[in-house]
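Reading the structure
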Amino acid sequence: MSNLPDTGNTFSNPVIPGFHPDPSICRVGDDYYLACSSFEYFPGVPLFHSRDLVHWTQIGNALDRPSQLHLPRETPASGGIYAPTLRHHDGRFWLIVTNVSGDGNLLFTATDPAGPWSEPVRLPGVHGIDPDLAWDDDGTCWCTTAGVAQIRIDPHTGETLGTSHRLWSGTPGAKAPEAPHLHRIGDHWYLLIAEGGTERCHGVSIARGPTPTGPFEPCPANPILTHRGTDHPIQNTGHADLVQGPDGSWWMVLLGVRPGGGTPGWHVLGRETYLAPVTWTDGWPVVGEVSLTMPAPAWPLLPPAIAPEVRDDFDTSELAPHWVSLRHRSAEDCTTKERPGWLTLRARGGSLDEPDVTFVGRRQQHVACRVRTLLDAADGHGGLAVRLDEQHHYSVEVSSGQVRVRARIGPLSTIVASRPAPAGPVVLRAETEVVRAAHGPLAGPDTVTLGCEEPDGTFTALASLDGRYLSTEVAGGFTGRVLGMYASADSAHFDWFDYEPLDD
């Protein structure tokens with residue numbers, strides 16, 4: 001879903017808003033498929049489908065079984081699953097990804113990108129993150145990793161063939177040459193990379209050569225995309241991939257962020273997926289403007305026939321694919337079968353400060369939104385959280401007959417406000433609102449308000465907190481906010497969960 005409605009003549013960026021970084025895309029006939037990073041969240045590697053490159057629907061997660069995704073309890077925030085590459089070759093889909101928390105580089109296959117995906121093929125001889133897959137004309141498979149280094153592999157067995165060799169290190173002096181993607185376009189092999197780091201200096205550069213192993217000559221106009229040093233509302237642009245549109249034109253998917261507030265600017269939704277047009281001059285790609293509102297492509301746009309529903313009633317036996325948990329999810333700790341029509345969470349860790357807390361959430365996708373849930377905590381303690389990581393989160397919780405708002409910012413943790421809980425199940429609520437006041441250097445990006453609803457539906461706001469403390473610029477890392485439910489003692493039961501975008 002986009003953050004703004006389409007008008008027919010324009011579309012809105014990001015095309016996949018919220019914490020959906022490191023996009024990799026492939027086309028199969030009239031269909032497009034896209035994969036993103038997932039870090040410490042389970043299931044891993046969300047997968048999307050589109051027919052027009054603008055409207056995307058999540059069709060599943062590639063790594064949705066413990067045998068595919070092993071994230072130990074000690075996996076740090078922003079550890080786990082780094083940038084995937086998604087490709088279609090020889091009648092099947094191939095997904096290669098790095099689990100930096102123990103398993104290294106892994107390769108999965110599927111005949112249907114919605115799943116099921118295979119068990120992992122391990123690649124012990126492939127070192128480095130951001131692995132790419134490319135096949136040359138004789139069927140040889142090349143794996144290229146951040147650095148930028150390349151090695152030949154057997155994708156069926158994971159065996160490496162020969163030795164690793166350097167291809168191209170990007171612009172001299174630029175840090176972090178990474179996210180390599182090899183594409184055969186016309187008479188050339190193009191090596192697309194990110195460089196400058198995934199912060200404000202992020203950019204996209206490219207080189208070309210006669211074979212997938214080079215030698216590569218850099219584009220004289222590198223970087224072909226960057227917003228560094230500008231006041232553009234989209235920053236950190238990079239980590240791109242290329243694809244042809246329905247009419248044969250070329251397009252780029254990439255990550256970017258939307259900082260808000262004063263200095264230095266705080267982005268709270270994480271790195272998001274954007275779309276940009278690409279033209280060609282003298283055999284080199286030229287990237288068009290990447291803006292929040294974009295001219296519509298030449299082909300008909302195909303928005304979904306049914307708008308996303310605000311409410312999830314938890315009436316199905318399995319959770320929808322947009323729901324994620326921390327590091328793993330077991331049927332004993334998270335189920336809709338114990339109490340039909342309710343999501344039951346059983347506590348593991350005692351609080352959101354602990355890495356194995358029982359948590360189910362969804363990515364925040366709008367800078368202004370409202371989430372609500374009906375919680376029955378008669379058997380235990382639980383609540384509603386706005387989470388960035390174990391050390392940066394706000395929550396409103398029902399425990400021991402009290403509704404409490406808690407803030408955790410780095411080493412500091414405090415109960416901000418409390419009140420007696422209304423009788424029976426309680427509706428908890430959190431809202432984010434863009435700061436509209438004088439935009440001085442100290443202004444935060446948004447305000448997070450937490451509280452509960454009275455039996456008559458009246459909202460009682462218990463605390464309004466500065467959103468900058470739940471941002472990447474404060475916390476560090478690679479993720480964005482996730483909004484969701486948790487249990488901190490015994491069991492907590494949730495009847496429904498609402499996610500509602502607000503005008504921003």
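Bear in mind that the values here come from a model prediction, so they are computed numbers and not experimental data.

**Focus: the environment of Met 252**
Along the chain, the position of Met 252 falls in strand 21 (residues 250-257). Take Met 252: its relative accessible area is 0%, and that puts it in the buried class. C-alpha separation for the pair Met 252 and Ala 240, spaced twelve residues apart in sequence, amounts to 6.4 Å. Setting aside residues no more than four positions away along its own chain, Met 252 makes contact with Leu 192, Val 204, Ile 224, Leu 225, Ala 240, Asp 241, Leu 242, Tyr 274, Leu 275, Ala 276, Val 278 and Val 287.

**Observations regarding the sheet that holds strand 11 (residues 132-135)**
Each strand in a sheet pairs with another by means of backbone hydrogen bonds, the pair being arranged parallel or else antiparallel. Within the open sheet, the four strands sit side by side as 11-12-13-14. Their pairing is antiparallel. Only two strands of the sheet have a single neighbouring strand rather than two, namely strand 11 and strand 14 (160-166). The mean inter-strand angle of the sheet, taken between neighbouring strand axes irrespective of direction, is 25°. When strand 12 (residues 141-145) meets strand 13 (residues 149-153), the two strands line up antiparallel, connected through five bridges. Across the sheet, the residue bridging to Thr 145 is Ala 149, located in strand 13.

**Some thoughts on the domain arrangement of the chain**
Its domain assignment divides the chain into domain 1 (10-295) and domain 2 (311-501). With 37 residues of domain 1 in contact, the opposing surface of domain 2 contributes 41 residues. Both faces combined, the contact of domain 1 with domain 2 buries some 3200 Å², and carbon together with sulfur accounts for 57% of it. Across the contact surface, domain 1 and domain 2 share three salt bridges. Between Arg 73 and Asp 356 there is a salt bridge, with the nearest N and O atoms lying 3.0 Å from each other. Taken together, the connections running from domain 1 to domain 2 amount to 18 residue pairs in polar contact (both at pLDDT 80 or more).

**Side note on the packing of aromatic side chains**
Summed over the entire model, instances satisfying the criterion amount to 13 aromatic pairs. Arranged with centres 5.8 Å apart and planes meeting at 80°, the rings of Tyr 82 and Phe 478 form a pair that is edge-to-face. Of the two residues, Tyr 82 sits in the loop between strand 6 (57-63) and strand 7 (85-89) while Phe 478 sits in the loop between helix 1 (472-475) and strand 38 (482-501), which places them 396 residues apart along the sequence. On the basis of relative accessible area, Tyr 82 is assigned to the buried category, the value being 17%. Using a relative accessible area of 27% as the deciding quantity, one classes Phe 478 as partly exposed. The rings of Phe 19, Phe 39, Tyr 41, Tyr 82 and Phe 478 are connected pair by pair, giving a single aromatic cluster. Above the ring of Phe 19, the side-chain terminus of Arg 363 is found at 4.8 Å from the ring centroid. Just above the ring of Phe 459 sits the side chain of Arg 429; from NZ or CZ to the centre is 4.1 Å.

Rules behind the numbers
- Residues numbered from 1 in each chain as written.
- Predicted model: local features only at pLDDT ≥ 70, side-chain atom pairs only at ≥ 80, totals over all residues.
- Heavy atoms only, no water.
- Helix = DSSP H or I, 4+ residues; strand = E, 2+ residues; numbered from the N terminus.
- Buried < 20%, exposed > 50% of the residue type's maximum accessible area, 1.4 Å probe, protein only.
- Contact = heavy atoms within 4.5 Å.
- Pairing = 2+ DSSP bridges.
- Axes fitted to C-alpha atoms, helices over the stretch in contact; angles between N-to-C directions.
- Domains from an automatic or database assignment.
- Buried area = accessible area lost by both parts, 1.4 Å probe.
- Salt bridge = Lys/Arg side-chain N within 4 Å of Asp/Glu carboxyl O.
- Polar contact = N/O pair within 3.5 Å; in protein donor to acceptor, adjacent residues only side chain to side chain.
- Phe/Tyr/Trp six-rings, centres within 6.5 Å; stacked < 30°, edge-to-face > 60°.
- Lys NZ or Arg CZ within 6 Å of the ring centre and 35° of its normal.

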